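# Results of the structural survey
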Amino acid sequence: METAEIRRRWLDYFERNKHTVVPSAPLIYDDPNLLFVNAGMVPFKPYFLGQQTPPWDRATSVQKCVRTGDIEEVGKTSRHGTFFQMNGNFSFGDYFKEGAIRLAWGLITASVDEGGYGLDPERIWPTVYIDDDEAFAIWHEQIGIPTDRITRRDANDNYWHMGVPGPGGPSSELFYDRGSEYGQDGGPAVDEDRYMEFWNLVFMQEELSAVRSKPDFDVAGPLPKRNIDTGMGLERMATLLQGKDNLYEIDEVYPVLAKAAQMTGKVYGAHSGHAATSSHPDDVHLRVVADHVRSSLMLIGDGVTPGNEGRGYVLRRMLRRAVRAMRLLGYGDKVLPQLLPVSLDRMKASYPELETDFGRISQIAYGEEDAFRRTLDQGTTILDTAVTKAKQSSAALGGSSTPTLPGSEAFALHDTYGFPIDLTLEMAAEQGVAVDREGFVRLMTEQRERAKADAKAKKSGHAHTEIWKELRELGATDWQAYQALSTEGTVVGLVSDGQRVDGLEQGATGQVVLDRTTFYAESGGQIADEGFITTPTGRLRVLDVQRPVKGLVVHTVEVATGEVKVGEQVEAQVDPDWRISACQAHSGTHVVHAALRQVLGPSALQSGSYNKPGYLRLDFAWNSALSAETRSEIEEVANLAVRQDLPVSSQYMTLPEAREWGALALFGETYDEQVRVIEIGGPWSRELCGGTHVAHSSQVGALTLTGESSVGSGVCRVEAFVGMEALRYLAKERAIVAELGRLVKAQPGELRERVEELLTRVKTAEREIATLRQQQLQAQAGELLAGASDIGGVRVLTHDGGDLGADEVRSLVTGLRSRLGDEHPSVVAVTGAAKGRPLIVVATNAAARDRGIRAGDLVRTAAGVLGGGGGGKPDIAQGGGTDASAVGAALEAVEGQLHNLTGVR
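Rules and cut-offs
- Residues numbered from 1 in each chain as written.
- Predicted model: local features only at pLDDT ≥ 70, side-chain atom pairs only at ≥ 80, totals over all residues.
- Heavy atoms only, no water.
- Helix = DSSP H or I, 4+ residues; strand = E, 2+ residues; numbered from the N terminus.
- Contact = heavy atoms within 4.5 Å.
- Areas by Shrake-Rupley, 256 points an atom, 1.4 Å probe, with all protein chains shown as cover.
- Lys, Arg positive; Asp, Glu negative; His and termini not counted.
- Charge placed at Lys NZ, Arg CZ, Asp CG, Glu CD.
- Core = buried A, V, L, I, M, F, W, Y, C linked by side-chain atoms within 4.5 Å.
- Buried < 20%, exposed > 50% of the residue type's maximum accessible area, 1.4 Å probe, protein only.
- Salt bridge = Lys/Arg side-chain N within 4 Å of Asp/Glu carboxyl O.
- pLDDT = per-residue confidence, 0-100.
- Pairing = 2+ DSSP bridges.
- Patch = residues over 30% accessible without salt bridge, like charges linked within 9 Å, V, L, I, M, F, W, Y side chains within 5 Å.
- 1 Å grid on protein atoms, 1.4 Å probe; cavity = no way out; pocket = protein on both sides within 12 Å on 5 of 7 lines; lining within 4 Å.
- Points joined across faces, edges and corners; volume = space filled by probe spheres on them.
- Nonpolar A, V, L, I, M, F, W, Y, C, P; charged D, E, K, R; others polar.

### Observations concerning the overall build of the protein
A count of helical and extended segments in the protein gives 24 helices and 35 strands. C-alpha extents for the protein along the principal axes are approximately 100 × 80 × 50 Å. Considering only contacts within the protein whose residues lie at least 6 apart along the sequence, 68% involve residues at least 24 apart. Per element, the accessible surface of the protein, about 40,000 Å² overall, is 48% carbon and sulfur. Charged side chains of the protein number 94 positive and 124 negative; the gap between the two group centres comes to 4 Å.

Written out as structure tokens, the structure reads:
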């Protein structure tokens, strides 16, 4: 049974059992504690936390998830994957333990012909929480499972909570016995490879007041309503129903693995057993490739782009691990153009939007691989230098021990340059150098601990949301930002330093919650409104506006005069100039986006934006720089749309209706079932958007692009000014043009020709100066030849060139080598300076190389003295460092090494 069919049967079964089918939320979810959706219940958290009233009593979904905590275990076990799909059924105060258990049993044991999964009931092993007698009894007495197949387990395995105060409860997990060839007998407590967990039923029944660890928490009492949250791993069920050893061999994953095996000439499974613990390293690498390629496809599809932090770093790491794994398998060419389309072909049945958007997805993925291949090349050069230093250090100690690369250098290669530790180990070993793996692991552990501490600090912020949850229970904010700029309202809550207070006095800063407001809360790339809240006795300056929980608008204010108290009637007044400028910027963003797609094509999709009064920036999928002509064309298309006075309108509809209508959604945003679509000029621009906008495009005013840059692999950024800011920007440029015209004595229309003429004259002068300097150097060369010495039959000429640049030093070195001739072995070493940093160039003639004297070896020695590195060919090499005071010592080091090579002491 294919994975897509397992998915379809799940949704059909629960829909027949009166559950509302809820679409999967994007992997990027609006939750400050999560990088990605990591469980099927995440989109339902507001209902379980009591922050919102669920619109249904029963729901079901197949939720896209990503977990990266066990990324190092991918491929090593049968159950660890980064991207997975969680089939869930949920009850909000409706059925409870008996209903959840009966529904689960009915689906998994019903025959395939009856629409079920047809699992053998005799091979299913439930587990229950250690003191959950009720669940135990249901499994034994009502379902008929023998007591020796029902396992009681402690809170580490069978109690669920979110890691923070809130709902919790015991769980019942379902395991399937795959047979003795997969491991030991005795149930899931003995072997979780043989007994594969595939479904977890959570009985949410308790309110937790404190959570210190997974098994250590305090129960405040029962929940007002008992809920059900279950999750069945779609990939795990596919593993069982397709008779595969692990999730990497199912129909949605294996084709990538098979293609990777074909590319590398490996035979998957030839040297491995059924159990994951008996996997050959080649098979582990192939599984990593299959998992990470699929995960990357899904992440980019949901709007993640490679970067150096957060979600972007996770994606970058997975893409690079896939490329690295292929290299470790012996394949050095590009891999993603061959593998990503294979993954698309398997995933598009369940997620057809991937095929529609594959142009953008592939552009980003392929760009990241190209960048990583350059990183590998750069890292290889740095590694070679580090290996040489390790060998020199070992030689200086008499060569009695194996040369060892310090853990700090291996970590720097990994952390700074993205150079994988596996490649460091492999390539160092090829050159006879060990790596201080313990030092590397120690530094990695310290980095992980810092990351965990940061995550913990971030997660602790959830406790503060309890205040917002309490205020939200008083009622949702009547938000009127689209209708008016001012309104009267009542202060329903005040917060200072994280605590609820009754009042704020003059000079204080805090948060104000009103029952009604017109202030726009920051979202969708648009920053919050500015303005004032006027109380009976005071005036509050609004500094920021946010939505910490859904439905609640919170104003951060500074009390300019007087005071504010809970329960007071106030007036909320948005700064009208601020709002109109913000509307211009946001509508301008939509206009620029539509212009980009018109000029560049439909793959130039927005992946992020930011706008504030008078300014906008927009990130979009594109893997090359825009030419000046293209930027000019985009700007012209945008301004023509502004000039045409296109109508701007908003409509509400369901998300499926919006997609069918052709509306574009911003990646990473979470949308309700009812969405707001902003249309500019009919179908020319249709986007899902919650921002504030002008009524006609002409109100955007002037629009001028000011910059374009790359912000990641396959992602381009444009910036622009709109309205008065655009006019001010153009006025500044006009003033600059006028000043340049005055300086070069030319009219604006003649300025380009005049500047080109001046540049030509400057270049001619520079060439003449360079020619004169070369003549001086050649004249100097004759004097330098007299200073050549003899070391063991090798003519050696060393010289401190002072501030000579790199090109001048190389020219002088090659000239001196030529003038020394080829009759006798000769070595020339000259130092100089490049941008204030010392450099050295060494050249050898053929006779010297015949005696085993290589320029690259000499340069690495000298560069090490300068505090840097270098390398090159045996005939000529260049290096540099940071210590300008060590130039003399570097030249002496060259002579010293020649003494060693020639045996002259």
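### Structural notes on the nonpolar core
In terms of nonpolar packing, the biggest core is built from 109 residues, with Trp-10, Ile-108, Trp-139, Phe-198 and Trp-199 touching the most fellow members. Ranked by residues supplied to this core, first place goes to helix H12 (residues 358-396) with 10 residues. Apart from the residues lying within four places of it in its own chain, the contact partners of Trp-139 are Ile-101, Trp-105, Pro-126, Val-128, Gly-144, Ile-145, Ile-150, Ser-172, Leu-174 and Leu-201. Membership of the second largest hydrophobic core comes to 31 residues, among which are Leu-600, Ala-604, Val-700 and Leu-705.

### Points about the pattern of salt bridges
A side chain with one charge can pair with a side chain of the opposite charge if their charged atoms come near. Inspection of the entire model under this criterion finds 40 salt bridges. Residue Glu-122 pairs with Arg-149 through a salt bridge whose shortest N-O separation is 3.6 Å. With Glu-122 in the loop between helix H3 (97-109) and strand S4 (124-129) and Arg-149 in the loop between helix H4 (133-143) and strand S5 (151-153), this pair connects stretches of sequence that are 27 residues apart. Residue Asp-133 pairs with Arg-152 through a salt bridge whose shortest N-O separation is 3.0 Å. A residue pair is termed long-range when its members are at least 10 positions apart, and Asp-133 in helix H4 and Arg-152 in strand S5 qualify at 19 residues. Overall, Arg-152 belongs to the partly exposed group, its relative accessible area being 35%. The structure contains a network of salt bridges with shared partners spanning Glu-5, Arg-8, Arg-9 and Asp-12.

### Some points on the confidence of the model for the protein
In the predicted model, the protein carries a mean pLDDT of 89, and 95% of its residues have values of at least 70. Below pLDDT 50 for its whole length, residues 456-463 participates in 10 contacts with residues either more than four positions away or in separate chains.

### Quick notes on unusual backbone geometry
Residues other than glycine seldom take positive phi values, yet Asp-497 does so here, at roughly 50°. Phi at Asp-645 takes a positive value of approximately 55°, unusual for a residue other than glycine. If you trace the backbone, Asp-645 turns up in the loop between helix H17 (628-643) and strand S25 (648-654). The exposure class of Asp-645 is partly exposed, given its relative accessible area of 36%.

### Concerning the pairing of strand S33 (residues 837-844)
Where burial is concerned, most of S33 is hidden: 7 out of the 8 residues are buried. As paired strands, strand S32 (residues 826-834) and S33 are joined by 8 bridges and run antiparallel to one another. Following the sheet pairing, Ala-834 is matched in S33 by Arg-837.

### Focus on the environment of Glu-530
With respect to the secondary-structure elements, Glu-530 resides in the loop between strand S17 (516-517) and strand S18 (531-534). Given the relative accessible area of 33%, Glu-530 is considered partly exposed. Remark: the alpha-carbon pair of Glu-530 and Gly-233, spanning 297 residues in sequence, is separated by 47 Å. Discounting chain neighbours no more than four positions away, the residues touching Glu-530 are Phe-519, Val-542, Val-574, Asp-575 and Trp-578.

### Observations concerning a nonpolar patch on the surface
A grouping of Met-724, Leu-727 and Leu-730 is seen on the molecular surface, where their side chains present a nonpolar patch of about 280 Å² in accessible area. For Leu-730, the location among the structural elements is in helix H19 (residues 723-744). The exposure class assigned to Leu-730 is partly exposed, which follows from its relative accessible area of 39%.

### What to know about empty space enclosed by the protein
Tallying each qualifying case throughout the model produces 1 cavity of 30 Å³ or more. For the largest cavity, the full set of lining residues is Val-323, Arg-327, Tyr-331, Gly-332, Asp-333, Val-335 and Arg-373. Residue classes in the lining of the largest cavity are distributed as 3 nonpolar, 1 polar and 3 charged.

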